Amino acid sequence: MWGAIIGDIVGSRFEFHNHRSKDFEFFTDDCFFTDDTVMTVAVAKALFENKDKPVEVLKRATVKEMLTFGYKYPDAGYGGKFRKFLFANPAPYYSCGNGAAMRISAAGELADSIDEVKKYSKAVTEVSHNHPEGLKGAECVAVCIYLARNGKSKEEIKKVVEDNYYGEVAAMTCDNIRPDYYFDETCQKTVPQALTCFFEGNDFEDVIRNAISIGGDSDTIAAIAGSVAEHFYGVPEDMIKTVREEYLSRDLLRTIDKILG
């Protein structure tokens, strides 16, 4: 989870003020956690406590945790339709929003096989984002996380993405995304770009800097890219320490520590 959380916090101040360069101060007083972090933790808690239970139990638990954390953090920056899901009608609403992909870390982290990754991803995603593109985006990111934590090379991970999810990644580079990329909240216009930032990165920090530099929905792009980079490169301990001490609430930390042991 740390990769997604750090990406979210670093990207938070750039979401509506894009910075199309890799040259910026990583953590500042203007950084904060957003809905990306809140829902990543909510989904992780549901999976951690219910992954071995029937799928319907996992789905109900996912909705319960989303609502619980949503009520605790009502001003975290939710999109309009997801806010309605949280506070009015917690039912699937055929969304292909990138919220499906930014919160999926635990599905790739807790699974013991690709089949489990896909099962977990579908269960925790379709409770809200049941559009085919939403389901695809979440599964793609979760599969990449699983492959990264199991020692696959970038070439192997990229081939899985190209062959099964987003063929357009083959021609993408940060340099050819950056000039014309714009804010887009869909999975299909966020996940390929975020994964390109991972594929081109030299280490965890460089991946996050790539993600900020292309513009767009910066906190979510950095959360997605960071969630994969965490399991390929690891996360520097000083970054985790900074986030723990300066940005996260005690409640979120307690939940994270319980999940991560």
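The following paragraphs examine the structure supplied in this document. (Residues numbered from 1 in each chain as written. Predicted model: local features only at pLDDT ≥ 70, side-chain atom pairs only at ≥ 80, totals over all residues. Heavy atoms only, no water.)

Turning our eyes to something else, we now look at the environment of Lys59. Note on placement: Lys59 falls in helix α3 (residues 55-72). Residue contacts for Lys59: discarding those within four places in its chain leaves Ala123, Glu126 and Val127. (Helix = DSSP H or I, 4+ residues; strand = E, 2+ residues; numbered from the N terminus. Contact = heavy atoms within 4.5 Å.)

Turning our attention to the nonpolar core. Membership of the largest hydrophobic core comes to 92 residues, with the highest contact counts inside it found for Ile6, Met39 and Leu248. Here the element with the most residues in this core is helix α8 (residues 132-149); it accounts for 10 residues. Apart from the residues within four sequence positions on either side, Met39 is in contact with Met66, Phe69, Gly70, Tyr78, Phe82, Leu86, Met102 and Arg103. (Core = buried A, V, L, I, M, F, W, Y, C linked by side-chain atoms within 4.5 Å. Buried < 20%, exposed > 50% of the residue type's maximum accessible area, 1.4 Å probe, protein only.)

Further remarks concern the packing of aromatic side chains. In the structure shown here, the tally under the stated rule is 15 aromatic pairs. Considering the side-chain rings of Phe198 and Phe199, the 5.3 Å spacing of their centres and the 50° angle between planes classify their relative orientation as tilted. A connected cluster of aromatic rings, assembled from ring pairs, spans Tyr71, Tyr78, Phe82, Phe85, Phe87 and Tyr93. The ring of Phe69 carries Lys72 above its face, with NZ or CZ at 5.0 Å from the centroid. One cation-aromatic arrangement involves Lys154 over Phe198; the distance from NZ or CZ to the ring centre is 5.0 Å. (Phe/Tyr/Trp six-rings, centres within 6.5 Å; stacked < 30°, edge-to-face > 60°. Lys NZ or Arg CZ within 6 Å of the ring centre and 35° of its normal.)

Further remarks concern the packing of helix α9 (residues 154-164) against helix α11 (residues 191-200). Between α9 and α11, the least distance of the axes is 10 Å, while the angle of their chain directions is 165°. Here α11 runs roughly antiparallel to α9, going by the angle between their axes. In this structure, α9 meets α11 at a crossing whose hand is left-handed. Seen from α9, the contacting residues are Lys154, Ile157, Lys158 and Val161; seen from α11, they are Leu195, Phe198, Phe199 and Glu200. Looking at the contact of α9 with α11, its residues break down into five nonpolar, no polar and three charged. (Axes fitted to C-alpha atoms, helices over the stretch in contact; angles between N-to-C directions. Parallel < 35°, antiparallel > 145°, perpendicular 65-115°, else oblique. Left-handed = near helix turned anticlockwise from the far one by under 90°. Nonpolar A, V, L, I, M, F, W, Y, C, P; charged D, E, K, R; others polar.)

Let's shift gears to the packing of helix α1 (residues 2-11) against helix α2 (residues 35-50). Contact geometry of α1 with α2 gives a least axis separation of 8 Å together with a crossing angle of 165°. Between α1 and α2, the interaxial angle falls into the category roughly antiparallel. Considering only the axes of α1 and α2, their crossing is left-handed. The residues of α2 that touch α1, namely those facing Ala4, Ile5 and Asp8, are Asp36, Thr37, Thr40 and Val41. In terms of residue class, the contact of α1 with α2 is built from three nonpolar, two polar and two charged.

This part covers the side chain of Arg178. Tracing the chain through its elements places Arg178 in the loop between α10 (174-177) and α11. At 2.8 Å, the side chain of Arg178 forms a polar contact with the side chain of Asp175. Beyond its immediate stretch of four places on either side in the chain, Arg178 contacts Arg20, Ser213 and Ile214. (Polar contact = N/O pair within 3.5 Å; in protein donor to acceptor, adjacent residues only side chain to side chain.)

Residue placement: Ala229 occurs in helix α13 (residues 218-233). Using a relative accessible area of 0% as the deciding quantity, one classes Ala229 as buried. Remark: the alpha-carbon pair of Ala229 and Gly97, spanning 132 residues in sequence, is separated by 22 Å. Not counting residues within four places of it along the chain, the set of residues in contact with Ala229 comprises Phe198, Phe204, Val207 and Gly234.

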